[in-house]
Amino acid sequence: MGRLTRHMKRAVVTAWGASVLGLAAWLAGCEGGPGFVFFCEDPTVPGATDPGGPCYDAGTDATKCADAGPDAGEDCDNDGADDETDTAMAPGFDPAQPEACAGQCVPREPLGWSEPVLLWIGPPDQAPDCPTAAPSIGYEGHADFTAAPPHACPACLCDPPDASCELPAAWRAHASFPCDAPGAAETSFAASDGWDGACTSTNAIAAGQMCDGALCAQSLEIPAPRVEPGRCAARSAEEPEESGEPEPGGSFALLARACTGTAVAPCADPGMTCTPSPPLGENAPPEGFLTCIHHQGEQECPATYPDGHVFYAGVDDTRSCAPCGCADPSGATCSILASAFSDGACSQFVVGVVVSSEAPICTGIVPGTALGSKAASVVQLDPGACEPTGGEPTGSVTLLGAATFCCRPPPGPESVPT
């Protein structure tokens, strides 16, 4: 726009100059041939630039301007230089004096730290808006976290295991007493696999039956029953009203709000940088604003910004209670009543003994007695117990997204930003 204005002014001055200088040349007899009149603004006219010409010495632009007088126009204001820059200046502007910092000059931030910002720290419900000099929120974080108190984890219990007592089927008759006499013959008086204890005549031994020259049935060996332990079911104990799993939650007592703005004017000291000034006096909010630099993570503060504050983006509360479980059962026992009969229908009793799961038993009978049938039943079952597991507190409270702000000491009540 400046260039267009200049050319428009140049055209007007040129036309006006042509008339005046043409008139002067005519009065002085300065003609450059028929029909030509010389003037300073058009050196292309034949003869206008001839050394020693009749009108003026057409040397440099500066010489022409000097000869053209005070009305030479805008092109002569800058000594004839063909400058395309609009040199209009605001009143009172002095290019020799740099613009002063409109905020405060503070030490430059170390490498890796943010530029200085205005930081407010205080209760969240008292947080002010960013000041006019730094209107944008650049960061918000929190400090002084108080976790919700955890509730007591409930005690874990285990129900008795679903144990069972497996009846022994492999009964044996021995041709001796006791049953383990060396060299004594053994005769099977076993029931079928999976026997449930009902009367059975399987493998009956006749009265007077001989084995290697001795009566086969002189004693009866009954193996120990076996406990099938099963498994225990885990459960929680009855909970009082205040018990239960920890409840996640909590709150931060402090909010940190960093405000940024624009203060780009230079400071006289190259080691200082221009930043917005914190509002003071009646314009300052409760707690006031500090001038601080920022770095992610927990950092040591530099000497120029000595006061450190660490804030967090949030919290991860993973507190809970370990689930209840049960160890393998132990201590289970059972006992059975085992009975032998001489007939095949369990009606003519021969012998009956209680056999524990702790050990087998050998009982004597009248030598040569018939063993025609047998029966068994469980008379006692102690399923044992399982040790409970779990129920202890687990997890923790972890603060996330640490950031360090290092600040200048707060200004005194009489301090004025420089």
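Computed from a predicted model, the values in this text were never measured in an experiment.

Conventions used here
Residues numbered from 1 in each chain as written. Predicted model: local features only at pLDDT ≥ 70, side-chain atom pairs only at ≥ 80, totals over all residues. Heavy atoms only, no water. Helix = DSSP H or I, 4+ residues; strand = E, 2+ residues; numbered from the N terminus. Contact = heavy atoms within 4.5 Å. pLDDT = per-residue confidence, 0-100. Disulfide = S-S within 2.5 Å. Buried < 20%, exposed > 50% of the residue type's maximum accessible area, 1.4 Å probe, protein only. Pairing = 2+ DSSP bridges. Axes fitted to C-alpha atoms, helices over the stretch in contact; angles between N-to-C directions. Core = buried A, V, L, I, M, F, W, Y, C linked by side-chain atoms within 4.5 Å. Salt bridge = Lys/Arg side-chain N within 4 Å of Asp/Glu carboxyl O.

A.B. asks: Explain the environment of V310 to me, please; I cannot follow it from the model alone.
C.D. replies: Considering the arrangement of structural elements, one finds V310 in strand 16 (residues 307-311). Separated by 166 residues in sequence, V310 and D144 place their C-alpha atoms 9.8 Å apart. If sequence neighbours within four positions are ignored, V310 has contacts with H142, A143, E298, A402, A403 and T404.

A.B. asks: What's the story with the confidence of the model for the protein chain in this structure? I'm lost.
C.D. replies: Any region with low pLDDT has predicted coordinates that should not be read closely. For the protein chain, the average pLDDT comes to 79, and 71% of its residues sit at 70 or higher. When mean pLDDT is taken per element in the protein chain, strand 27 (residues 403-407) scores highest with 97 and helix 1 (residues 2-28) scores lowest with 33. With pLDDT under 50 throughout, residues 75-96 is counted as low confidence; its partners more than four residues away or in other chains account for 11 contacts. The low-confidence segment residues 414-418 (pLDDT under 50) makes eight contacts with residues lying over four places distant or belonging to another chain.

A.B. asks: Could you clarify how one ought to interpret the state of the cysteines in this entry?
C.D. replies: Two cysteines joined by a covalent bond between their sulfur atoms form a disulfide. Evaluation of the coordinates by the stated rule reveals 13 disulfides. One disulfide bridge connects C101 with C274, the sulfur atoms lying 1.9 Å from each other. The sign of the 85° torsion about the S-S bond sets the C101-C274 disulfide as right-handed. Remark: C274 occurs in strand 14 (residues 272-275) and C101 occurs in the loop between helix 2 (61-68) and strand 1 (104-107); sequence separation between them is 173 residues. Side by side, C101 and C274 carry an identical accessibility label, which is buried. The disulfide partner of C158 is C326, and the S-S distance across this bridge is 2.0 Å. Its torsion about the S-S bond being -115°, the disulfide of C158 and C326 is classed as left-handed. Separated by 168 residues along the polypeptide, C158 in strand 4 (residues 156-158) and C326 in strand 19 (residues 325-326) bring together distant segments of the chain. For C158, a relative accessible area of 19% gives the class buried.

A.B. asks: Looking at this model, I keep getting lost on the sheet that holds strand 6 (residues 172-174). Mind explaining?
C.D. replies: Strand pairing in a sheet is mediated by backbone hydrogen bonds. Such pairs are either parallel or antiparallel. Here four strands make up an open sheet; going across it, the order is 7-6-10-22 and the pairing antiparallel. Each of the sheet's edge strands pairs with one partner strand only, and the pair in question is strand 7 (186-188) and strand 22 (361-364). Ignoring which end each strand starts from, the neighbouring axes of this sheet average 25° apart. Note that strand 6 and strand 10 (residues 219-222) share three bridges and pair antiparallel. What sits directly across from H174, in strand 10, is S219.

A.B. asks: Looking at this model, I keep getting lost on the nonpolar core. Mind explaining?
C.D. replies: In summary, soluble globular proteins display a tendency toward joint burial of nonpolar side chains. Of all hydrophobic cores here, the largest spans 24 residues; its most connected members are W171, F189, L220, I222 and L371. Ranked by the residues each element gives to this core, the list is headed by strand 20 (residues 333-341), at four residues. When neighbours within four sequence positions are excluded, W171 is seen to be in contact with S188, F189, A190, W195, L220, E221, I222, P223, A338, S339, K374 and A375. The next biggest cluster of nonpolar side chains, apart from the first, holds 13 residues, and it includes A143, A256, A258 and F311.

A.B. asks: Explanation requested: the pattern of salt bridges in the structure shown.
C.D. replies: Side chains that carry opposite charge are capable of pairing whenever their charged atoms lie near each other. Using the criterion set out here, one finds seven salt bridges in the structure. E221 serves as the salt-bridge partner of R172, at 2.9 Å between the closest nitrogen and oxygen. Here E221 lies in strand 10 and R172 lies in strand 6, a separation of 49 residues in the sequence. Its relative accessible area of 26% is what places R172 among the partly exposed residues. Exposure remark for E221: the relative accessible area of 17% places this residue in the buried category. Between E228 and R226 there is a salt bridge whose closest N-O contact spans 2.3 Å. For R226, a relative accessible area of 43% puts it in the partly exposed group. Each of E166, R226 and E228 takes part in a single network of salt bridges with overlapping partners.

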